[in-house]
Amino acid sequence: MRTISRALPLTPAVVLLLLFLAGPIAYCAYIAFTDLQLTGQAEESFIGFENFRTAFGDEAFLNAVWLTLVFTVVSALIGQNTLGLALAALMQRASKPIRTLTGGIVIAAWVLPEVVAGFLLYAFFRREGTLNAILDWLHLPSQNWLFTLPILAVSFANVWRGTAFSMLVYSAALNEIPKEITEAAEVDGAGGWRRMWHITLPMIRRSISTNLMLITLQTLSVFGLIWVMTRGGPGGKSQTLPLFMYEEAFQKSMIGYGTAVALLLLVVGSLFSVVYLRLLRTEV
Amino acid sequence: MRSRSTTRRLAADTGLLAVAAAFVLPLAWVVLSALDPRADLRVKVPGGVTWDNFDAVLTEEITFTPLLNSLLLCGGGTLLTVACAALAAYPLSRFRSRLNRPFLLTILFATCLPITAVMVPVYALFVQVNLIDTMQGTIFFFAASQLPFAIWLMKNFMDGVPKELEEAAWTDGASSFQSLLRIVLPLMGPGVAVVTVFSFVMMWGNFFVPFMLLLTPDQMPAAVSINEFFGNRGTVVYGQLAAFSVIYSTPVILLYVVVARRLGGGFALGGAVKG
């Protein structure tokens with residue numbers, strides 16, 4: 001009886017989570033195996049693994065998988081992660097006003113609404129945009145980035161928008177390294193890079209794995225940024241899985257098929273989450 | 001020895017300034033273009049400063065209705081999230097139970113799920129139960145998607161409030177609910193502020209959820225309407241687009257600054273990402 005009354009305050013949260021989060025996930029797992037369409041069909045029917053078979057034979061799907069991989073590796077694992085770590089490491093030594101200024105600018109890019117960030121980088125990468133103006137000024141060849149290399153443009157956009165997160169995670173981690181350790185290494189004559197490689201990186205390795213996991217999950221679900229910049233185009237050249245899923249489900253009305261793709265995305269996300277939980281194991 | 005550390009500081013300063021210069025360009029574009037009577041897609045110093053762009057977008061159709069919708073959606077969603085999270089965090093933080101650990105693990109697991117992926121089934125489900133194109137449906141979904149992280153943050157903050165303070169209240173006959181409301185929550189004011197601001201900022205900037213769940217133009221929040229007004233029209237007036245972006249972004253930037261000032265930078269990560 002006491003247990004029940006004590007668990008009572010959990011009810012509103014649990015009801016909301018079951019109805020609006022667990023419910024859709026279960027429903028997702030169901031319609032992924034049906035041929036549900038947006039219009040003109042009385043009853044959906046169960047078609048087993050047909051959607052998944054279609055997907056793995058569908059070139060547009062395989063293209064989206066490949067682009068999602070490129071987007072995640074280039075923008076999250078390489079871009080945000082390395083730049084975030086570099087910024088955090090530089091901030092340890094820089095003078096205070098410059099540290100504050102840079103931190104402020106990088107965080108502002110992160111706090112901006114997704115759609116606004118999309119517009120700003122659209123303007124930056126357009127043929128008439130700032131990037132080409134700078135390239136012209138340097139007498140370097142300019143081009144229409146959103147047309148020739150759209151996946152690279154949206155990847156850089158994601159670096160611009162997401163680096164602050166890694167920077168904050170690494171700043172917190174570096175601040176926790178005791179001063180004596182770095183000073184001792186300095187006295188022993190270890191140079192900057194060697195100290196970084198042999199002392200700093202091993203000491204923050206838990207933060208590194210946590211950060212990699214979280215930014216991968218965030219990057220997997222980016223939709224608005226790419227939608228505003230390129231709509232996944234031209235010709236699917238920047239169509240990552242979330243945009244592919246949206247197009248199949250709504251523009252081609254194949255809800256069943258789109259949901260099958262969503263389910264794959266969820267499964268990949270769940271695998272990453274489980275790894276993340278194992279990393280945090282000691283914390284909970 | 002001293003000159004070496006000065007050189008190192010200068011090198012670090014130069015590196016940071018280079019990154020800052022690259023990052024500031026898009027931000028400079030939006031601010032300068034908003035004030036520029038002849039804005040285009042390049043960063044340039046305006047020929048003259050004008051408020052015409054702001055005047056042009058400050059109409060009911062373009063600015064006030066979408067911002068009011070955003071406020072209703074995100075305000076409602078945030079209230080629901082914070083209330084449910086505070087209630088849920090209390091037993092998790094205060095009472096020992098075999099179920100706490102599995103519950104918290106499930107919550108953390110849900111925090112990581114890519115919400116984008118559930119939107120297609122959520123849409124299909126909302127059509128079936130007639131919640132599609134309703135404010136309340138969108139608010140409920142916003143709250144549910146933000147709840148896992150909010151519960152996790154709230155529980156960590158609540159753990160920091162010593163239990164002894166409540167025990168005095170219990171002996172005076174106060175119920176758990178009273179002690180939560182009168183003692184625990186006031187003592188963790190900054191924590192509640194962080195959860196509130198974080199939830200609000202996340203909802204304010206979210207595009208995909210209202211884009212999928214709302215259909216009527218009158219109900220659209222700024223995140224979606226900005227796209228409809230400027231993205232789908234043939235000729236884009238870049239100065240007005242920039243002005244609207246500034247108006248729409250200001251609230252979340254201000255909220256972030258206020259909370260970060262009071263609690264130190266990186267506040268949102270404090271309870272969440274312990275690596």
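These numbers come from a predicted model, not from an experiment.

Student: So what about the overall build of chain B? Which residues, and what values?
Tutor: Helix and strand counts for chain B stand at 12 helices and zero strands. N-terminal to C-terminal, the α/β element order of chain B is α-α-α-α-α-α-α-α-α-α-α-α. Along the longest, intermediate and shortest principal axes, the C-alpha atoms of chain B span 70 × 70 × 35 Å. Partitioning the intrachain contacts of chain B with sequence separation of at least 6 by distance along the chain shows that 71% fall at a separation of at least 24. Counting only carbon and sulfur atoms, one obtains 63% of the accessible surface of chain B, whose full area is about 12,400 Å².

Student: I'd love a proper account of the interface of chain A and chain B, names of residues and values included.
Tutor: Contact residues are listed per partner, giving 93 residues for chain A and 83 residues for chain B. When chain A packs against chain B, close to 7,900 Å² is buried across both sides, 81% of that on carbon and sulfur atoms. In this structure, the connection of chain A to chain B is made through zero salt bridges. Considering each element in turn, the side of chain A that touches chain B owes the most residues, 13 residues, to helix α2 (residues 11–31) of chain A.

Student: Provide a residue-level description of the environment of V192(B), including the pertinent values.
Tutor: Residue and element names in this part refer to chain B. Tracing the sequence through the fold places V192 in helix α9 (residues 189–205). The sequence separation of V192 and D159 amounts to 33 residues, and the corresponding C-alpha distance is 13 Å. Contact partners of V192, with chain neighbours within four places excluded, come to V82, M154 and L185.

Student: Please provide a residue-by-residue account of the state of the cysteines, values included.
Tutor: What the rule picks out here adds up to zero disulfides over all chains. Here C28(A) stays free of any disulfide, with the sulfur of C112(B) as its closest cysteine sulfur at 18 Å. Looking at C84(B), it has no disulfide partner, and the nearest cysteine sulfur is the one in C74(B), 17 Å off. The buried category is assigned to C84(B), whose relative accessible area is 6%.

Student: Describe the UniProt feature "transmembrane region" (unreviewed entry) in chain B, with residues and values.
Tutor: Residue and element names in this part refer to chain B. Feature annotation in UniProt assigns "transmembrane region" (unreviewed entry) to the following positions: residues 67–90, 102–126, 138–154, 192–215 and 235–259. End-to-end, the C-alpha atoms of residues 138–154 are 23 Å apart, and along that stretch the chain is 100% helix and 0% strand. Note that residues 192–215 is 83% helix and 0% strand, and that its end C-alpha atoms are spaced 33 Å apart.

Student: Quick rundown of a nonpolar patch on the surface? Include the residues and the values.
Tutor: Residue and element names in this part refer to chain A. The grouping of W66, L69, V73, L77 and I78 at the surface amounts to a nonpolar patch, some 470 Å² of accessible area in total. Position of W66 relative to the elements: it lies in helix α4 (residues 59–93). W66 gets classed as exposed once you look at its relative accessible area, which sits at 54%.

Student: Can you break down unusual backbone geometry residue by residue, with the values?
Tutor: Positive phi values are uncommon outside glycine, yet R231(A) reaches one of about 55°. Among the structural elements, R231(A) can be located in the loop between α13 (224–230) and α14 (241–251). Assessed through its relative accessible area of 35%, R231(A) is described here as partly exposed. In the Ramachandran plot, N130(B) falls in the positive-phi region, its phi being about 60° despite a non-glycine side chain.

Student: Any chance you could break down the pattern of salt bridges for me, citing the residues and the numbers?
Tutor: All names here are of chain B. Taken as a whole and judged by the stated rule, the model has four salt bridges over all chains. As a salt-bridge pair, R94 and E166 come within 2.5 Å of each other at their nearest N and O atoms. Of the two residues, R94 is situated in helix α3 (residues 60–94) and E166 in helix α7 (residues 164–171); the sequence distance between them amounts to 72 residues. Of the two residues, R94 and E166, neither departs from the other in class, the shared state being buried.

Student: How would you explain the packing of helix α5 (residues 119–128) of chain B against helix α6 (residues 135–159) of chain B if you had to name every residue and give the values?
Tutor: Residue and element names in this part refer to chain B. Packing of α5 against α6 leaves a shortest axis separation of 12 Å and a crossing angle of 145°. Relative to α6, the crossing made by α5 is right-handed. On the side of α5, the interface is formed by M119, V122 and F126, while α6 contributes G137, T138 and F141. Here the residues of the contact of α5 with α6 are counted per class, giving four nonpolar, two polar and no charged.

Student: Hey, could you go over the side chain of D13(B) for me, with residue numbers and the actual values?
Tutor: Looking at the secondary structure, you find D13(B) in helix α1 (residues 2–35). The side chain of D13(B) is buried and forms no salt bridge, while R9(B), the nearest opposite charge, is found at 4.5 Å. Those residues in contact with D13(B) that lie beyond four places of it in its chain are A94(A), S95(A) and I98(A).

Student: Pulling in residues and values, what's your account of helix α6 (residues 114–125) of chain A?
Tutor: Residues and elements named next belong to chain A. Under the 1.5 Å per step criterion, the end-to-end length of α6 is 16 Å for 12 residues, consistent within 8% with the ideal 16 Å. Within α6, 12 of the 12 residues are buried, which leaves the element mostly enclosed by the surrounding structure. All buried positions along α6 are accounted for by E114, V115, V116, A117, G118, F119, L120, L121, Y122, A123, F124 and F125.

Student: Give me the domain arrangement of chain B: which residues, what numbers.
Tutor: Residues and elements named next belong to chain B. As assigned here, chain B comprises domain 1 (1–50) and domain 2 (60–269). For domain 1 and domain 2, the distance between their C-alpha centres works out to 32 Å. Facing the seven residues of domain 1 at the interface are six residues of domain 2. Interface area for domain 1 against domain 2, summed over the two sides, is near 510 Å², with a carbon-plus-sulfur share of 84%. Linking domain 1 with domain 2 are zero salt bridges. Scanning the region where domain 1 abuts domain 2 turns up zero residue pairs in polar contact (both at pLDDT 80 or more).

Rules used in this analysis
- Residues numbered from 1 in each chain as written.
- Chains lettered and ligands numbered in written order.
- Predicted model: local features only at pLDDT ≥ 70, side-chain atom pairs only at ≥ 80, totals over all residues.
- Heavy atoms only, no water.
- Helix = DSSP H or I, 4+ residues; strand = E, 2+ residues; numbered from the N terminus.
- Contact = heavy atoms within 4.5 Å.
- Areas by Shrake-Rupley, 256 points an atom, 1.4 Å probe, with all protein chains shown as cover.
- Buried area = accessible area lost by both parts, 1.4 Å probe.
- Salt bridge = Lys/Arg side-chain N within 4 Å of Asp/Glu carboxyl O.
- Disulfide = S-S within 2.5 Å.
- Buried < 20%, exposed > 50% of the residue type's maximum accessible area, 1.4 Å probe, protein only.
- UniProt positions renumbered as here; feature names shortened; annotations may be inferred.
- Patch = residues over 30% accessible without salt bridge, like charges linked within 9 Å, V, L, I, M, F, W, Y side chains within 5 Å.
- Axes fitted to C-alpha atoms, helices over the stretch in contact; angles between N-to-C directions.
- Left-handed = near helix turned anticlockwise from the far one by under 90°.
- Nonpolar A, V, L, I, M, F, W, Y, C, P; charged D, E, K, R; others polar.
- Lys, Arg positive; Asp, Glu negative; His and termini not counted.
- Expected span 1.5 Å × (residues − 1).
- Domains from an automatic or database assignment.
- Polar contact = N/O pair within 3.5 Å; in protein donor to acceptor, adjacent residues only side chain to side chain.

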